[in-house]
2 protein chains.
Amino acid sequence: VLTSRTLDRATGASVLLKMESFQRAGSFKFRGAYSRISLMTPEELRRGVVAYSSGNHAQAVALAASIRRTAAVIVMPEDAPPEKAEATRAYGAEVVTYDRYSQNRAEIGQHLADERGLTLVPPYDDLEVMAGQGTAALELVEDEGPVDVLITPVSGGGLIAGCGMAARSANASTRVIGVEPEDGDDTRRSLAEGRRVRLDEVPRTIADGLAVDTPGELTFPVNREQLESVIAVSDADLVDAMAFLYERCKVVVEPSGAAGVAALLTGRVPHVAGRRVGVIVSGGNVAADRFASLISGRTAPAGLD
Amino acid sequence: VLTSRTLDRATGASVLLKMESFQRAGSFKFRGAYSRISLMTPEELRRGVVAYSSGNHAQAVALAASIRRTAAVIVMPEDAPPEKAEATRAYGAEVVTYDRYSQNRAEIGQHLADERGLTLVPPYDDLEVMAGQGTAALELVEDEGPVDVLITPVSGGGLIAGCGMAARSANASTRVIGVEPEDGDDTRRSLAEGRRVRLDEVPRTIADGLAVDTPGELTFPVNREQLESVIAVSDADLVDAMAFLYERCKVVVEPSGAAGVAALLTGRVPHVAGRRVGVIVSGGNVAADRFASLISGRTAPAGLD
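Residues numbered from 1 in each chain as written. Chains lettered and ligands numbered in written order. Predicted model: local features only at pLDDT ≥ 70, side-chain atom pairs only at ≥ 80, totals over all residues. Heavy atoms only, no water.

(A) Highlighting the overall build of chain A. Summing up its helical and strand segments, chain A has 13 helices and nine strands in all. Here chain A has a C-alpha radius of gyration of 19 Å; the compact-globule value for 305 residues is 19 Å, and the two agree. Viewed in the frame of its principal axes, chain A has a C-alpha envelope of about 55 × 45 × 40 Å. Split into buried and exposed, the 305 residues of chain A put 61% on the buried side. (Helix = DSSP H or I, 4+ residues; strand = E, 2+ residues; numbered from the N terminus. Rg over C-alpha atoms; globule rule 2.2 N^0.38 Å. Buried < 20%, exposed > 50% of the residue type's maximum accessible area, 1.4 Å probe, protein only.)

Set out below in structure tokens:
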């Protein structure tokens, strides 16, 4: 957990940043994957797991599987950045590629699961994965005490579902607020309509981890109950927040991970002054070149206070 | 204090990274400045302080002075990066510039001190500054227990003098090892000759914080007693270490701050396997553009484990 005097001054709040960028495999995804794999039977572990992801979930499952000594097959688009496939293989996983314009990754995953008897580890739409991801907030409130407001990024909704429940177990009146990219605000729209909405197009945003077009089947009912609201931020807001975290906190955060801080810095989170605000900074996996090109051109102040 | 499984595997050691990049004003310099200013009499505080620095010491003194409600005058070269002067002014200090090709900053500082009755806060050559800087290692051993080896960057020698004494107060047999840039190895040479050596030229290195040409008068006797050795690293070693800390620890560290990790990663620190090794990561003040240009072009693995 990191704090920043500058962030506190800017918001009037007492902000606690739970740095999941420091988590194993670089994001909160490890929590859900490990949690799910830990519940497998010895027979299931002998056969292995399968997951589809081009992002943080891939490495999280690969690492969790290697720790539990079970085989992992990860389904990735063939045009995913080579270093992602490499990193996943480095954890001992088998990478199966597909053409994302003509093939459906869920079908491929299910086919592999059926054919080889593998256990599918979903990225969010699974109760055990949601509970595992919620341990990020559980640790936050265990270490720092209950919070008045909890802010997390929203993709399929697993992180905020689990974290919201964990934070509210410590303080039932914790306000749970999600953050989505403007172009990928499926959960915000779904909450407004009271049902799961699917966006017409795949969201275009630098927050690759949040580019989901519809809320999860299992996560949405939980989030409909407990979310106060979902705030949308632009790509420019995300870059501002990444630069702020670079300059003022000296940490590397990926675009998705900066969502909560972006929402706070734009002043769009209501009633935070004088409150204890927990923010899940969900991950730090961003290639050096990309990070450099995103934050470059900014004048960094020479220090933090 | 951060740890990294990858760093532990690479070295065989248990490495504890004391992140002074997270310190107020972004480097360990705040500790010495605050410590020195705290000892001033009410009469001295009414008059103020003066310091000469174009780097981290400038902001550290400006911030410490503002906290103790005393005026600060910082002497800086007129060609220092504008954001450094700005950051220093933002802490409430007066910035006095000089031409570093024709004027001597120590003389200007002394002149201001005499003329205005200001207290000079030296960057390292002062017992109270050394002691204050040593609290970095004191906190490390208080939080994590004694270490077998302590590694810190060496500039004027204040940090390693104070930190070495603090680490050895917890474990008298702690081996204290310094790191200098290859082109600025004045302390290494001085230790070899048994007397303070001055380099012929001002060191050229990306580690601006370590570009000192001779050890301090007060620091050197302390360091001659307690240092096992000083290891020299190249600019390329420093960039490798910055990239490692970016990729594996998701933190932003300035070139000087990466010196200890650079020494470890090059394998030049003897007998670390199986040992508890404390490393002072001294600061994180590096402008975004510079950081980007230094680490850019590298393939970042997609995660940490």
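(B) View of a negative patch on the surface. Taken together, the side chains of E182, D183, D200 and E201 of chain A present a region of like negative charge at the surface. A residue is classified by how much of its surface remains accessible, and D183 of chain A, at 41% relative accessible area, is partly exposed. (Patch = residues over 30% accessible without salt bridge, like charges linked within 9 Å, V, L, I, M, F, W, Y side chains within 5 Å. Areas by Shrake-Rupley, 256 points an atom, 1.4 Å probe, with all protein chains shown as cover. Salt bridge = Lys/Arg side-chain N within 4 Å of Asp/Glu carboxyl O. Lys, Arg positive; Asp, Glu negative; His and termini not counted. Charge placed at Lys NZ, Arg CZ, Asp CG, Glu CD.)

(C) Expanded view of helix α9 (residues 186-193) of chain B. Residue and element names in this part refer to chain B. All of the buried residues in α9 are D186, T187 and S190. One side of α9 holds all its buried residues, which, seen down the axis, span an arc of 90°. Summarising the contacts, the buried residues of α9 are in contact with β7 (175-181), α10 (219-226) and β8 (227-233). Downstream of α9 by one or two residues, G194 has phi in the positive range, about 75°. (Arc of directions from axis to C-beta. Contact = heavy atoms within 4.5 Å.)

(D) A look at the packing of aromatic side chains. According to the stated counting rule, one finds six aromatic pairs over all chains in the structure shown. Between Y246 of chain A and F291 of chain A, the aromatic rings sit 6.3 Å apart at their centres with planes inclined by 45°, giving tilted as the arrangement. Residue Y246 of chain A is located in helix α11 (residues 235-249), and its partner F291 of chain A is located in helix α13 (residues 288-295); the two are separated by 45 residues in the primary sequence. By the burial criterion, Y246 of chain A is buried, and F291 of chain A matches it. Taken together, Y246 and F291 of chain A together with Y246 and F291 of chain B form an aromatic cluster joined through their ring pairs. (Phe/Tyr/Trp six-rings, centres within 6.5 Å; stacked < 30°, edge-to-face > 60°.)

(E) Quick look at the sheet that holds strand β1 (residues 14-19) of chain B. Residue and element names in this part refer to chain B. Strand order in this open sheet of five strands is β1-β9-β6-β7-β8, and the pairing throughout is parallel. Sheet topology places β1 and β8 at the edges, where each strand pairs with a single neighbour. The sheet shows a mean angle of 20° between the axes of neighbouring strands, direction not considered. Sheet analysis places strand β6 (residues 149-153) next to strand β9 (residues 276-281), joined by three bridges and oriented parallel. (Pairing = 2+ DSSP bridges. Axes fitted to C-alpha atoms, helices over the stretch in contact; angles between N-to-C directions.)

Any link to function would need more than the numbers given here.
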